[in-house]
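Observations on the model geometry
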Amino acid sequence: MTVWNLGLFLEPYLMIAILLFVIGFFGLLHHRTIIGMLISGELLLAAASLNLVAFSRFQSPDPVTGQVFTLFIMGLAAAEASMVLALIIAMYRNYRSVHASTLNELKG
Amino acid sequence: MQLISSDGLTILSGLAFLVFSANTIVGALVAIVAKSLIRSVSGLALCFVGMAGLYYYLHSPFLALMQIVIYVGAICIMIMFTMMLAEPRESTDVTLRGRVLSVLALIGCSLMAVGLMFLVGTSSWPVTERVEAATVKDIGRDLLNRHGLVFELISVVLLIAILGAILIARSGRRKT
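Note that this is a predicted model, so its numbers are computed, not measured.

1. Quick word on the overall build of chain B
Counting secondary structure elements, chain B contains 6 helices and 0 strands. The secondary structure elements of chain B, listed N-terminal to C-terminal, are α-α-α-α-α-α. Radius of gyration (C-alpha) of chain B: 22 Å, far over the 16 Å computed for a compact globule of 176 residues. C-alpha extents for chain B along the principal axes are approximately 70 × 45 × 35 Å. Looking at chain B as a whole, 32% of its 176 residues are labelled buried. For chain B, the proportion of contacts with a sequence separation of at least 24, taken over those separated by at least 6, is 55%. Here chain B has roughly 11,200 Å² of accessible surface; of this, 72% comes from carbon and sulfur atoms. Averaged over its 13 positive side-chain charges, chain B has a centre that lies 16 Å from the centre of its 9 negative ones.

2. A look at the interface of chain B and chain A
At the interface, 84 residues of chain B touch 74 residues of chain A. Roughly 7,200 Å² of surface becomes buried between chain B and chain A when both sides are summed, with 78% attributable to carbon and sulfur atoms. Taken together, chain B and chain A are joined by 1 salt bridge. Among the ionic pairs, Asp62(A) bridges to Arg146(B), the shortest N-O distance being 2.9 Å. Connecting chain B to chain A are 5 residue pairs in polar contact (both at pLDDT 80 or more). Breaking the side of chain B that touches chain A down by element, the ones donating at least two residues are helix H1 (6-33), helix H2 (37-57), helix H3 (61-86), helix H4 (96-122), helix H5 (136-144) and helix H6 (148-170) of chain B. Grouping the amino acids of the side of chain B that touches chain A by side-chain chemistry returns 55 nonpolar, 18 polar and 11 charged.

3. Quick notes on the environment of Ile154(B)
Structurally, Ile154(B) is set in helix H6. On the basis of relative accessible area, Ile154(B) is assigned to the buried category, the value being 13%. Setting aside residues no more than four positions away along its own chain, Ile154(B) makes contact with Phe72(A) and Leu76(A).

Rules behind the numbers
Just so you know, the residues in each chain are numbered from 1, in the order the chain's sequence is written. As they are written, the chains are lettered A onward and the ligands numbered 1 onward, keeping that order. In keeping with the model being predicted, local features are shown solely for residues with a pLDDT of at least 70 and side-chain atom pairs are shown and tallied solely at 80 or more, while totals for entire chains, interfaces and linings include all residues. Side-chain calculation: all heavy atoms of the structure are included, whereas hydrogens and water are not. Secondary structure follows DSSP: runs of H or I at least 4 residues long count as helices, runs of E at least 2 residues long count as strands, and numbering of each begins at the N terminus. The atom set for the radius of gyration is the C-alpha atoms, and the globule formula is 2.2 Å times the number of residues raised to the power 0.38. When accessible area is computed with a 1.4 Å probe and restricted to protein chains, residues below 20% of their type maximum are described as buried, those above 50% as exposed, and intermediate ones as partly exposed. Throughout, a residue-residue contact means that at least one pair of heavy atoms, one from each residue, lies within 4.5 Å. The accessible surface values rely on the Shrake-Rupley method and a 1.4 Å probe; as for residues, cover is taken only from the protein chains in view. The positive count covers Lys and Arg only, the negative count covers Asp and Glu only, and His and the chain ends enter neither. The atoms used to mark charge sites are NZ of Lys, CZ of Arg, CG of Asp and CD of Glu. Defined here as a combined quantity, buried area equals the accessible surface (1.4 Å probe) lost by two parts on assembly, summed across both. Only one rule defines a salt bridge in this text: a Lys or Arg side-chain nitrogen within 4 Å of an Asp or Glu carboxyl oxygen. Pairing of N or O atoms within 3.5 Å defines a polar contact, subject to two protein rules: one partner must be a possible hydrogen donor and the other a possible acceptor, and residues neighboring in sequence count only if both atoms are side-chain atoms. Amino acids outside the nonpolar list (Ala, Val, Leu, Ile, Met, Phe, Trp, Tyr, Cys, Pro) and the charged list (Asp, Glu, Lys, Arg) are all regarded as polar, and Gly is one of them.

What follows is the structure in structure tokens.
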């Protein structure tokens with residue numbers, strides 16, 4: 001394994017996926033608006049799908065399954081993003097803010 | 001005859017791989033650290049373009065295309081539209097308490113990263129022989145045969161998500 005053929009091994013992809021996951025997790029804790037949280041969540045999903053494709057490329061005898069599951073993840077991510085964005089619009093209409101801390105009506 | 005030697009090609013492809021990885025990581029960092037959310041979404045788009053390149057290196061060009069079409073073309077643009085409708089101010093907590101919490105979160109996440117990387121580095125991954133790279137035809141056949149039920153369920157989920165999104169975004173709007 002040299003610097004130039006890193007793309008032919010499994011570990012670099014796993015490292016990139018780990019970095020993406022950790023960055024997304026930190027973003028989820030760091031951001032205070034729902035849009036920022038949605039962006040971080042997309043990073044988490046991206047890390048998961050990169051892992052799936054990498055394992056399907058290097059570890060499984062069947063090359064298709066990982067790609068198909070990544071397509072499913074993409075579909076679910078699109079559905080999730082559209083729902084969250086509709087919620088954000090409704091929330092902004094009612095509260096004039098997209099900060100998560102304004103949604104505290106159920107607080108005891 | 002060959003324009004570039006095979007060594008040169010290896011170095012070129014390795015360089016492109018490094019560029020795509022750096023794209024992914026830097027894009028993700030920009031998406032999280034940037035002050036304004038518009039820059040966050042731009043970083044997200046950069047990250048997704050880099051990931052499309054990585055998918056190409058993983059022998060799945062169809063996924064690379066879908067990544068660009070769905071994520072960069074649809075989701076990032078949709079987030080940007082919502083941002084223009086909702087005009088958020090700064091996304092992170094700038095009070096002292098918020099900063100302290102962010103630093104604590106950073107420490108925890110770095111510990112998690114180190115642990116996971118240690119796990120990946122120390123475990124051995126058995127190498128299996130691959131048959132051949134999957135073509136788009138293979139993916140389509142698999143999608144409709146073996147994963148047919150999941151495929152249909154995803155379409156139902158998407159339909160319900162669209163209906164729900166319309167319903168939620170419309171409610172509370174004044175009728176004129």
